[in-house]
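Summary of the model geometry
Residue strings, one per chain:
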Amino acid sequence: MSLRNTQERWGSLAMAFHWAIVILILTQFVLANMAESLPLGMAKLATLARHKSVGITILGLAVLRLGWRISNRGHNPPLPADLKGYERFLAHLTHEGLYLLLFAMPLTGWMMSSAKNYPVSWFGFATLPDFVSPNERLFEVMQTTHGVLAGTLVALATLHILAALKHHFIRKDNVLRRMLPGVRLRKTD
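Residues numbered from 1 in each chain as written. Predicted model: local features only at pLDDT ≥ 70, side-chain atom pairs only at ≥ 80, totals over all residues. Heavy atoms only, no water.

Attention now goes to the overall build of the chain. Secondary structure assignment for the chain yields four helices and two strands. Beginning at the N terminus, the succession of helices and strands in the chain can be written as α-α-α-β-β-α. Projected onto its principal axes, the C-alpha positions of the chain cover 60 × 30 × 25 Å. Put simply, the chain has 189 residues, and 38% of those count as buried. Summarising the internal contacts of the chain: among those between residues at least 6 apart in sequence, 64% fall at separations of at least 24. Carbon and sulfur atoms make up 69% of the accessible area of the chain, which amounts to about 11500 Å² in all. Across the chain, the 20 positively charged side chains and the 10 negatively charged ones have centroids separated by 7 Å. (Helix = DSSP H or I, 4+ residues; strand = E, 2+ residues; numbered from the N terminus. Buried < 20%, exposed > 50% of the residue type's maximum accessible area, 1.4 Å probe, protein only. Contact = heavy atoms within 4.5 Å. Areas by Shrake-Rupley, 256 points an atom, 1.4 Å probe, with all protein chains shown as cover. Lys, Arg positive; Asp, Glu negative; His and termini not counted. Charge placed at Lys NZ, Arg CZ, Asp CG, Glu CD.)

Dropping the structure here:
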């Protein structure tokens with residue numbers, strides 16, 4: 001498998017970014033739900049600290065992933081040529097929305113923590129500077145925004161997964177297979 005993307009499939013680095021971010025996003029939802037169910041105390045603060053660290057990791061991977069995608073422009077696998085116009089539109093809208101959320105979710109979380117005057121650390125190795133000055137009203141707005149974005153992420157990720165499954169099981173094309181490491185592409189007619 002090639003490191004770089006080709007017209008036929010995503011390269012190993014693009015796949016690594018994709019699947020690492022998927023795993024980290026799932027981790028984020030688990031950590032957020034765990035923190036929400038805990039009473040205020042050290043366990044809750046430690047869980048939220050991990051949640052913040054994973055969020056910053058996602059932000060860093062999103063920057064690298066976007067840079068890699070841009071550097072591979074012209075070599076990324078295209079959408080199937082026979083997609084209807086609205087399907088093509090929805091595919092682009094979903095992908096762009098997911099990229100936007102990979103940036104917006106960690107940034108609103110960071111702003112929320114800064115506005116509440118809670119430090120954001122990356123796994124205890126480095127404390128990030130405050131994104132904004134403490135401000136209770138801004139904290140409330142960012143908390144609401146972060147929650148709305150989380151719901152939007154669930155909706156777009158669900159659409160993305162359903163589309164991939166449609167391509168695999170109904171259309172029987174290579175759209176999903178070309179993002180799966182170690183999976184052979186189907187022969188096309």
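Turning our attention to the nonpolar core. With 23 residues, the main nonpolar core has I25, I58 and L102 as its most contacted residues. Every element with two or more residues in this core is listed here: α1 (12–37), α2 (42–71), α3 (85–115) and α4 (136–171). Sort the elements by how many residues they give to this core and α1 lands first, with seven residues. Look past the residues within four positions of I58 in its chain and what remains in contact with it is L24, I25, Q28 and L102. (Core = buried A, V, L, I, M, F, W, Y, C linked by side-chain atoms within 4.5 Å.)

Further remarks concern unusual backbone geometry. For N117, which is not glycine, the phi dihedral falls at a positive 70°. Looking at the element boundaries, N117 is found in the loop between α3 and β1 (120–122).

Contact geometry of α1 with α4 gives a least axis separation of 13 Å together with a crossing angle of 135°. By the criterion of interaxial angle, the relationship of α1 to α4 is oblique. Our pair here, α1 against α4, has a crossing hand that is left-handed. The segment α1 lies against α4, with H18, I25 and F29 engaging A150, L153, V154 and H160. (Axes fitted to C-alpha atoms, helices over the stretch in contact; angles between N-to-C directions. Parallel < 35°, antiparallel > 145°, perpendicular 65-115°, else oblique. Left-handed = near helix turned anticlockwise from the far one by under 90°.)

Turning our eyes to something else, we now look at the packing of aromatic side chains. Going through the model one piece at a time under the given rule, you end up with three aromatic pairs. Look at W110 and F131: their rings are 4.9 Å apart centre to centre, the planes differ by 65°, and that puts the pair in the edge-to-face class. Within this pair, whereas W110 is found in helix α3, its partner F131 is found in the loop between β2 (126–128) and α4, the two being separated by 21 residues in sequence. Residues W122 and F125 carry aromatic rings whose centres are separated by 6.0 Å and whose planes lie at 45° to one another, so their mutual orientation is tilted. The ring of F139 has K116 lying over it, and the distance from NZ or CZ to the ring centre is 4.7 Å. (Phe/Tyr/Trp six-rings, centres within 6.5 Å; stacked < 30°, edge-to-face > 60°. Lys NZ or Arg CZ within 6 Å of the ring centre and 35° of its normal.)

We now examine the side chain of T57. Within the secondary structure, T57 is located in helix α2. With a relative accessible area of 18%, T57 lands in the buried category.

To continue, consider the pattern of salt bridges. One pass over the structure, following the stated rule, counts five salt bridges. Among the salt bridges present, the one from E136 reaches K116, with a minimum N-O distance of 3.1 Å. Of this pair, E136 sits in helix α4 while K116 sits in the loop between α3 and β1; the two residues are 20 residues apart in sequence, bridging distant segments of the chain. For E136, a relative accessible area of 41% puts it in the partly exposed group. (Salt bridge = Lys/Arg side-chain N within 4 Å of Asp/Glu carboxyl O.)

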